Amino acid sequence: MQDSDKPALPEWSRDTQKIAVLTWISFLIAAAFTMLLFAFIDPLVIVDAINVKWLESSNSGYAIGFFFLWANGWAAGWLTLRLVRRKRHGPAAKIRKR
Amino acid sequence: MAKQSGSNFQYGQLYRSEDKVYPREVSGRFARLRRLAMFVLLGAFYIGPWLVWDGRQAILFDLPARKFYILGMTLWPQDFVYLALLLIILAVSLFFFTALAGRLWCGFACPQTVWTEAFTWIEMAVEGNRSQRMKLDVAPWTVDKIRKKALKQFLWIALALFTGFSFVGYFSAVRPLAINLVNFEANAWAVFWVLFYGFATYGNAGYMREQVCKYMCPYARFQGAMFDHDTLIISYDAERGEPRGSRRRGSDAKAQGLGDCIDCTMCVQVCPTGIDIREGLQYECIACAACIDACDTIMDKVGSPRGLIRYSTEHALEHKSYRLWRPRTLVYSAILVLLLTAMVTSMALRKPAILDVIRDRNALYRDVGRQGIENSFTVRVINKQNNAHPFTLSVSGIEGLKINTDTDFVVEGESVMTLPVSLTAPHESAVGGNVINFELRSTDGSNIYVTEESRFRGPAENR
């Protein structure tokens, strides 16, 4: 019955999976930590520190805080994914096992 | 492209990377339940911001003012602990219900499921059922196809934008927001977040759908840890179904050595995550119960009893007894009861006012001659109640300590008053650092009383 040429929900490649997981998880963490951060810090503190005319509102403070945390989480996750060594499966690994 | 049509459907090929999941719509008990959940939950979400309590928006997370209004309650940033507690309670409830009945959350209540349900519903209403949609997708671009695709996109985008608007409506008063948006006068950030959330809804519910569950959801990966042998899961009764195989209508399956499964593959075709439940529980299964509905329909048609695929537990399938109260559920419910009690008690004991005392950072102390040693403070009084109260401030802790500034003032409802306070103490008692106590009392009989500790500093030794 599955004979359409256009896949509705295709399998994702490893890289797509990595990007999607990275984006979503860092989003969730950023959302949680934005709440925590602004429970203690007035967003105007951030706005004042940046001192850009068109960003002068507490809404900008929240947005900057959130996107900063999101980018931060993304960067940390991305580096982690890059640096984690995957198990080798090549011929050398098989030889070493012997 | 793998050639697969009804009769020569091959297992194992389902997982080829180029294969797709084109879920067939399904009707039945659980489909109706899921649709009901969709209407209730989406209804609550869309109506939420419009509810009014005491003349103001009932649920409003007023970010610029840093106040959260939830029904009759006003939460301040200082009340963050309640929000954290609430989130922990929700998480533990999720664990508890998962241990009891598997992924109920995923199948019926998760926003991802609910909006996907809404978007597929629109898709079905515009483009027709599964085979009509598949035909439409490969058909050339006729006027009719353009009309259908455009209508679907229009409805999707409209729903997504309305979702974004409703979401922002929880953070920014919804009535002015609606008026401003219509008049193109809305705050740029409000517009940005409407579009941001709208786009996320459109992408997640319109296109990514169950891929979010399969690849992105962290809960999907660790929910297995909450399962045990008594957890209700969607299961295929292999004992009854196997050996599976097609048979002629009216033929004696038993004589052919066949089980109840006629291998029609309907359970696989309706599965939104594209798994075969007959291979056992898999982490992709979001417990939507579509396969139960599909199988029950087929069982009715062939005249076998329903429930070849059903909600069951591993123990039940192995003919062992079921235990509702087992260590796992006991521990989860104990934690839940504990947290709920803590939350309710602390909410009940919540102080209606907050007193903050900040020492002047510029000078530790000042010698003011005969009057003694002076310390300066900034005192912040937060009145969390809706009405104004007169307060009086006093200090204690050192012999002869007195306040030089005003001690009586009125703090308006839901507002913060900041006042500089200067204290003096005689030389003989103001040596080194001494703990002092600020006390704030309401003077209108409303019995508000809060205290805050600070330090009074003087020279290291008396001259």
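Residues numbered from 1 in each chain as written. Chains lettered and ligands numbered in written order. Predicted model: local features only at pLDDT ≥ 70, side-chain atom pairs only at ≥ 80, totals over all residues.

Let us look at the overall build of chain B. When you go through chain B residue by residue, the secondary structure sums to 15 helices and 16 strands. Radius of gyration (C-alpha) of chain B: 32 Å, far over the 23 Å computed for a compact globule of 463 residues. In terms of overall dimensions, chain B has C-alpha extents of about 110 × 60 × 40 Å along its principal axes. Relative to all contacts within chain B whose residues are 6 or more apart in sequence, the contacts with residues 24 or more apart total 68%. (Helix = DSSP H or I, 4+ residues; strand = E, 2+ residues; numbered from the N terminus. Rg over C-alpha atoms; globule rule 2.2 N^0.38 Å. Contact = placed C-beta atoms within 7 Å.)

As a further point, take the overall build of chain A. Each helix and strand in chain A was counted, giving 4 helices and 0 strands. In chain A, the order of α-helices and β-strands from amino to carboxyl end is α-α-α-α. Put simply, chain A has 98 residues, and 14% of those count as buried. Once local pairs closer than 6 in sequence are excluded, the contacts in chain A between residues at least 24 apart make up 60%. (Buried ≥ 20, exposed ≤ 12 C-beta atoms within 10 Å, placed from the backbone.)

Residues and elements named next belong to chain B. Taken together, the 4 strands give an open sheet; going across it, the order is E13-E11-E15-E16, and neighbouring strands pair in antiparallel fashion. The sheet is open, and its two borders are formed by strand E13 (408-411) and strand E16 (449-457), each paired with just one other strand. Across the sheet, the mean angle separating the axes of adjacent strands is 30 degrees when strand polarity is ignored. Where strand E11 (residues 389-396) lies against strand E15 (residues 433-442), 6 bridges are found, and the strand directions are antiparallel. Within E15, the residue paired with Leu-393 across the bridge is Leu-440. (Pairing = 2+ DSSP bridges. Axes fitted to C-alpha atoms, helices over the stretch in contact; angles between N-to-C directions.)

So, on to helix H6 (residues 143-169) of chain B. Residue and element names in this part refer to chain B. Here H6 spans 38 Å end to end across 27 residues, near enough to the 39 Å set by a 1.5 Å rise per residue. Of all the positions in H6, only Trp-156, Leu-159, Ala-160, Thr-163, Gly-164, Phe-165, Ser-166, Phe-167, Val-168 and Gly-169 are classed as buried. Tucked into the core, H6 has its buried residues touching helix H1 (29-47), helix H4 (111-127), helix H7 (174-182) and helix H8 (188-208). (Expected span 1.5 Å × (residues − 1).)

Residue and element names in this part refer to chain A. Inspection of the secondary structure puts Phe-33 in helix H1 (residues 14-40). For Phe-33, a count of 16 C-beta atoms within 10 Å corresponds to the partly exposed category. Counting along the chain gives 32 residues from Phe-33 to Gly-65, while the straight-line C-alpha distance between them is 9.4 Å.

Time to look at the pairing of strand E6 (residues 233-236) of chain B. Residues and elements named next belong to chain B. Burial along E6 is two-sided: Ile-233 and Ser-235 and Ile-234 and Tyr-236, pointing in opposite directions, are all buried. Where E6 meets strand E7 (residues 309-312), 4 bridges bridge the pair, whose relative direction is antiparallel. Residue Ile-233 lies in a different strand from E7, and its bridge partner there is Ser-312.

Turning our eyes to something else, we now look at the packing of H4 of chain B against H6 of chain B. All names here are of chain B. At their nearest, the axes of H4 and H6 sit 9 Å apart, and the two run at 155 degrees to each other. For the element pair H4 / H6, the angle class is roughly antiparallel. In the packing of H4 onto H6, the handedness of the crossing is right-handed. Across the interface between the two elements, Ala-118, Phe-119, Ile-122, Glu-123, Val-126 and Glu-127 from H4 touch Lys-148, Leu-151, Lys-152, Leu-155, Trp-156 and Leu-159 from H6. Along the lines of polarity and charge, the residues of the contact of H4 with H6 split into 8 nonpolar, no polar and 4 charged. (Parallel < 35°, antiparallel > 145°, perpendicular 65-115°, else oblique. Left-handed = near helix turned anticlockwise from the far one by under 90°. Nonpolar A, V, L, I, M, F, W, Y, C, P; charged D, E, K, R; others polar.)

What follows covers H1 of chain A. Residues and elements named next belong to chain A. The terminal C-alpha atoms of H1 lie 39 Å apart, and with 27 residues this matches the ideal 39 Å at 1.5 Å per residue to within 8%. Taken together, the buried positions of H1 are occupied by Ser-26, Ala-30 and Phe-38. The inward-facing, buried residues of H1 abut helix H2 (43-50) and helix H3 (58-83).

A few words now on the sheet that holds strand E4 (residues 67-70) of chain B. All names here are of chain B. The strand order across the open sheet formed by 3 strands is E3-E4-E5, and the pairing between neighbours is antiparallel. At either end of the open sheet lies a strand with only one pairing partner, and these are strand E3 (59-62) and strand E5 (73-75). Direction aside, neighbouring strands of the sheet carry axes that sit 15 degrees apart on average. With 4 bridges connecting them, E3 and E4 associate as antiparallel partners. When the bridges of E4 are listed, Phe-61 appears paired with Phe-68.

To continue, consider the confidence of the model for chain A. Mean pLDDT for chain A: 80, with 81% of residues reaching 70 or above. Looking at the elements of chain A, mean pLDDT is at its lowest for helix H4 (residues 91-97) of chain A, recorded as 69, and at its highest for H3 of chain A, recorded as 91. (pLDDT = per-residue confidence, 0-100.)

Attention shifts here to the nonpolar core. Residue and element names in this part refer to chain B. Counting 44 residues, the largest nonpolar core has Ile-234, Cys-267, Cys-291 and Ile-309 as its most contacted members. Of all the secondary-structure elements, those providing two or more residues to this core are H4, H6, H8, helix H9 (210-216), E6, helix H12 (266-269) and helix H13 (290-302). With 5 residues, the single largest contributor to this core is H13. In this structure, Ile-234 is in contact with Ile-277, Cys-285, Ala-287, Ala-289, Cys-291, Ile-292, Ile-309 and Tyr-311, ignoring residues within four places of it in sequence. (Core = buried A, V, L, I, M, F, W, Y, C linked by C-beta atoms within 7 Å.)

The next thing to look at is the environment of Ile-233 of chain B. Residue and element names in this part refer to chain B. Its location among the elements puts Ile-233 in strand E6. The exposure class assigned to Ile-233 is buried, which follows from the 20 C-beta atoms found within 10 Å. Each C-alpha atom of the pair Ile-233 and Gln-78 lies 42 Å from the other, and the pair is 155 residues apart in sequence.

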